[in-house]
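# Structural characterization, general
Here's the letter readout for the chains.
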Amino acid sequence: MSNVVVLGSGIVGLYTTYCLVTEAGVPPASITVIGKHLPGDQSINYTSPWAGGNFSCITPNDPETLSWDKYTYTHLQELQKKLGGAACGLDKRPSTEIWDENPNDKKIAALSQYIEDFRIIPAAELPAGAKFGVSLTTWNFNCPFFLANFKTYLEKLGVTFVRKELTYVSQAYLPGTHTVFNCTGLGAFSLDGVKDSKVYPTRGQVVVVKAPHVQENCVRWGPTYATYIIPRPHSNGELVLGGFLQKGNWTGDTFELETADIIRRTTALLPKILDKPLDVIRVVAGLRPSRQGGPRIEVEHVEDHLLVHNYGAGGYGYQAGFGMAHKAVALYSKARRDVAKL
Ligand SMILES: Cc1cc2nc3c(=O)[nH]c(=O)nc-3n(C[C@H](O)[C@H](O)[C@H](O)COP(=O)(O)OP(=O)(O)OC[C@H]3O[C@@H](n4cnc5c(N)ncnc54)[C@H](O)[C@@H]3O)c2cc1C
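These notes cover the structure that comes with them. (Residues numbered from 1 in each chain as written. Predicted model: local features only at pLDDT ≥ 70, side-chain atom pairs only at ≥ 80, totals over all residues. Heavy atoms only, no water.)

### Describing helix α1 (residues 11-22)
Taking 1.5 Å of rise per residue, the twelve residues of α1 would be expected to cover 16 Å, and the 16 Å separating its terminal C-alpha atoms lies within 8% of that figure. Burial within α1 is extensive, with eleven of its twelve residues counted as buried. Burial in α1 covers these residues: Ile11, Val12, Gly13, Leu14, Tyr15, Thr16, Thr17, Tyr18, Cys19, Leu20 and Val21. (Helix = DSSP H or I, 4+ residues; strand = E, 2+ residues; numbered from the N terminus. Expected span 1.5 Å × (residues − 1). Buried < 20%, exposed > 50% of the residue type's maximum accessible area, 1.4 Å probe, protein only.)

If you want it as structure tokens, here you go:
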């Protein structure tokens with residue numbers, strides 16, 4: 001009997017499933033996760049395996065998003081422990097973030113409250129052309145590996161995973177299901193019963209190189225570009241070099257010109273990448289599931305069922321998705337209590 005169905009098996013669906021168990025006390029055996037793609041798969045329609053992925057200053061500056069960042073950063077330690085420690089593909093690494101223009105004050109103030117080793121870099125230590133910079137300790141994900149370990153952990157608890165493509169969101173209701181969580185990412189654009197025209201892709205291309213000698217993150221935020229270097233923990237030295245943030249671009253193709261541009265920018269930002277000959281493992285593109293106005297996290301009452309939306313994480317599903325899941329599950333718990341009172 002699947003009382004609760006989570007539609008979507010990307011990082012947002014997995015965080016949501018985890019919060020259902022740990023925060024709402026839903027028995028794992030009564031949860032089914034349905035996805036066209038499951039951890040281990042690769043598709044341009046499945047964003048999560050393509051992320052860098054780390055915790056950075058990429059998120060918008062509104063108080064709610066900042067609270068999701070904080071929730072995620074401060075709860076990942078517990079998740080890492082449950083998944084068996086750093087070898088699950090989630091670990092801490094040093095990071096430096098540099099801006100060409102001053103970043104939002106409130107964001108810097110918020111991050112300084114909880115981020116480990118958070119330090120504002122003195123102006124004299126900044127590279128040419130930079131206005132502001134911080135150093136910190138951040139979380140790094142080995143995304144495909146972490147997704148697989150997260151799924152295994154949830155399966156061991158008793159959660160069922162089913163591979164299935166749905167045309168209508170209503171097909172997610174199985175016998176006995178009272179609630180469906182819609183965690184379909186970009187799929188929310190075309191899924192009947194949802195068809196959210198505010199959803200759009202923000203395409204990225206990354207170059208993955210083998211560089212075990214680089215174990216630090218480095219990010220440079222410009223007015224029209226974002227350059228980042230992200231080591232993948234427990235990956236035999238994979239380093240993700242990026243990138244691009246192309247709004248409205250749906251292509252999964254990769255382009256040599258973009259590869260050359262990424263290598264030029266990242267090696268200028270962190271020349272030690274070239275301390276060893278550049279060993280390119282692969283070049284990939286991914287589509288961030290963005291949404292005008294930000295993620296949709298809300299409860300719909302569909303006849304006597306609940307439909308809880310949780311999608312639109314854009315470029316921050318790993319670093320803010322735990323907080324988004326916390327909110328979605330809190331809304332679910334409240335709606336269930338309200339229904340019980342009727
Ligand atoms: C190049 C790149 C770099 C990134 N770097 C970072 C980073 O460093 N840090 C960070 O936090 N984030 C990063 N991101 C963003 C992050 O990857 C996304 O926010 C996150 O993966 C979104 O997860 P999701 O679960 O919402 O979507 P997805 O991973 O796309 O999962 C959607 C799920 O829904 C299923 N689905 C959709 N439609 C249907 C349907 N009709 N029927 C059945 N199943 C369906 C899919 O099969 C899949 O299981 C990056 C993204 C890219 C592309």
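Having seen the model, we can carry on.
### Here's the deal with the pattern of salt bridges
Enumeration over the complete set of coordinates arrives at 22 salt bridges. Residues Arg296 and Glu298 are paired through a salt bridge, measuring 2.9 Å at the closest nitrogen-oxygen approach. The class for Glu298 is partly exposed, based on a relative accessible area of 36%. Taken together, the shared-partner salt bridges connect Arg232, Glu238 and Arg282 into one network. (Salt bridge = Lys/Arg side-chain N within 4 Å of Asp/Glu carboxyl O.)

### A look at unusual backbone geometry
When glycine is set aside, most residues are seen to have a negative phi, and most peptide bonds are trans. With an omega of -15 degrees, the peptide bond between Gly52 and Gly53 qualifies as cis. With respect to the helices and strands, Gly53 occurs in the loop between β2 (31-35) and α2 (63-82). The residue Asp117 is not glycine, and still its phi comes out positive at about 55 degrees. Relative to the helices and strands, Asp117 resides in the loop between α3 (105-114) and β4 (119-120). Phi at Glu303 is positive, roughly 50 degrees, even though this residue is not glycine. Assignment of secondary structure puts Glu303 in the loop between β14 (296-302) and β15 (305-311).

### Some thoughts on the nonpolar core
Core analysis: the biggest nonpolar cluster contains 70 residues, and Tyr15, Leu20, Leu79, Phe146, Phe150 and Phe181 have the highest contact counts within it. In terms of residues, this core owes the most to one element, helix α6 (residues 317-341), which gives nine residues. If near-sequence neighbours (up to four positions away) are discounted, Phe146 is found in contact with Ile11, Leu79, Leu83, Cys88, Gly89, Leu90, Phe141 and Tyr318. (Core = buried A, V, L, I, M, F, W, Y, C linked by side-chain atoms within 4.5 Å. Contact = heavy atoms within 4.5 Å.)

### Details of the site of the ligand
With respect to spatial proximity, 39 residues lie near the ligand, and among them His37, Ser48, Asn54, Gly314 and Gln319 are the closest. Within the contact set of the ligand, an oxygen atom lies 3.3 Å away from a backbone nitrogen or oxygen of Ile11. Measuring from an oxygen atom of the ligand, one finds a backbone N or O atom of Val12 at 3.1 Å. Taking 1,000 Å² as the accessible area of the ligand by itself, protein coverage stands at 96%. At the level of elements, α1, β10 (226-231), β13 (280-291) and α6 are the ones that each hand at least two residues to the shell around the ligand. Top contributing element to the shell around the ligand by residue count: β13, with four residues. Split by residue class, the shell around the ligand holds 17 nonpolar, 18 polar and four charged. (Near = heavy atom within 4 Å. Polar contact = N/O pair within 3.5 Å; in protein donor to acceptor, adjacent residues only side chain to side chain. Areas by Shrake-Rupley, 256 points an atom, 1.4 Å probe, with all protein chains shown as cover. Nonpolar A, V, L, I, M, F, W, Y, C, P; charged D, E, K, R; others polar.)

### Points about the environment of Phe141
As for its placement among the helices and strands, Phe141 is situated in strand β5 (residues 132-141). Taking relative accessible area as the criterion, Phe141 reaches 0% and is therefore assigned buried. The sequence separation of Phe141 and Lys92 amounts to 49 residues, and the corresponding C-alpha distance is 8.8 Å. Ignoring sequence-local partners within four residues, the contact set of Phe141 consists of Tyr15, Gly52, Gly53, Asn54, Leu76, Gly89, Leu90, Phe146, Arg232, Pro233 and Tyr318.

### Quick notes on the pairing of strand β7 (residues 179-182)
In the case of a regular strand, side chains alternate between the two sheet surfaces. Across the two faces of β7 the burial is the same, with Thr179 and Phe181 and Val180 and Asn182 all buried. Judged from the four bridges that link them, strand β1 (residues 4-7) and β7 form a sheet pairing that is parallel. Considered in β7, the bridge of Val6 is made with Phe181. Across four bridges, β7 lies against β15 in parallel orientation. Its bridge partner being in β15, Val180 is matched across the sheet by Leu307. (Pairing = 2+ DSSP bridges.)

Purely spatial values, then, with no claim about function.
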